[in-house]
Amino acid sequence: MRTRVDLIAALSVMICIPSVSFADSRNGEQIFMNRCAICHGKDVKGTGPLANKSNPPTPDLTTPAFKKRLVDYPGIIVSSVILRPNGDLIPRTLRENNARLPAFAWTVKDFRDLNEYMSDMISKAK
């Protein structure tokens, strides 16, 4: 468990380096649309076709509470992907709804790009 926490901390530091030149928001958008929008929706508000088919339902990531978490914990998006705090929720929801996502070999760059794209979407959402 400690190794996993150390990995998340290291990735968070690498991802949150304040330099747009490191992040490719277009790649982040593509990853989001291909892997996350099915539940979170294109607007990151939990409006995707499987949003209400998980238990608990997919949250709206544009709420003031989540925006505060994003500021307090800059790596929250990445750690959510890595740790899957709801255990088997994501794979189970996909399985139960016959939704198949192709295997994906995540890189640090992918995490950085996804974090950049989602952070931007969330911060601009009203």
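Presented here is an overview of the structure given in this document. This structure is a prediction, so every number in the text was calculated from the model and none was measured.

In this section: the pattern of salt bridges. Following the criterion strictly, the structure yields five salt bridges and no others. We note a salt bridge from Lys 68 to Asp 72, for which the minimum N-O separation is 2.6 Å. Of this pair, Lys 68 and Asp 72 both sit in helix H4 (residues 64-72), four residues apart, roughly one helical turn. Judged by its relative accessible area of 39%, Asp 72 is partly exposed. Residue Asp 120 is joined to Lys 124 by a salt bridge in which the shortest nitrogen-to-oxygen separation is 3.3 Å. Of this pair, Asp 120 and Lys 124 both sit in helix H7 (residues 108-124), four residues apart, roughly one helical turn. For Lys 124, a relative accessible area of 59% corresponds to the exposed category.

Now for helix H6 (residues 89-96). By the burial criterion, the buried members of H6 are Leu 89, Thr 93 and Leu 94. Angular distribution of buried residues about the axis of H6 spans 125°; they occupy a single face of the element. Of the surrounding secondary structure, the elements contacted by the buried residues of H6 are helix H3 (37-40). Downstream of H6 by one or two residues, Asn 98 has phi in the positive range, about 50°.

Moving on, we get to the environment of Lys 53. Relative to the helices and strands, Lys 53 is located in the loop between H3 and H4. For the pair Lys 53 and Leu 94, spaced 41 residues apart in the sequence, the C-alpha separation amounts to 9.2 Å. Ignoring sequence-local partners within four residues, the contact set of Lys 53 consists of Thr 93 and Asn 97.

The rules behind the values
Residues numbered from 1 in each chain as written. Predicted model: local features only at pLDDT ≥ 70, side-chain atom pairs only at ≥ 80, totals over all residues. Heavy atoms only, no water. Salt bridge = Lys/Arg side-chain N within 4 Å of Asp/Glu carboxyl O. Helix = DSSP H or I, 4+ residues; strand = E, 2+ residues; numbered from the N terminus. Buried < 20%, exposed > 50% of the residue type's maximum accessible area, 1.4 Å probe, protein only. Arc of directions from axis to C-beta. Contact = heavy atoms within 4.5 Å.

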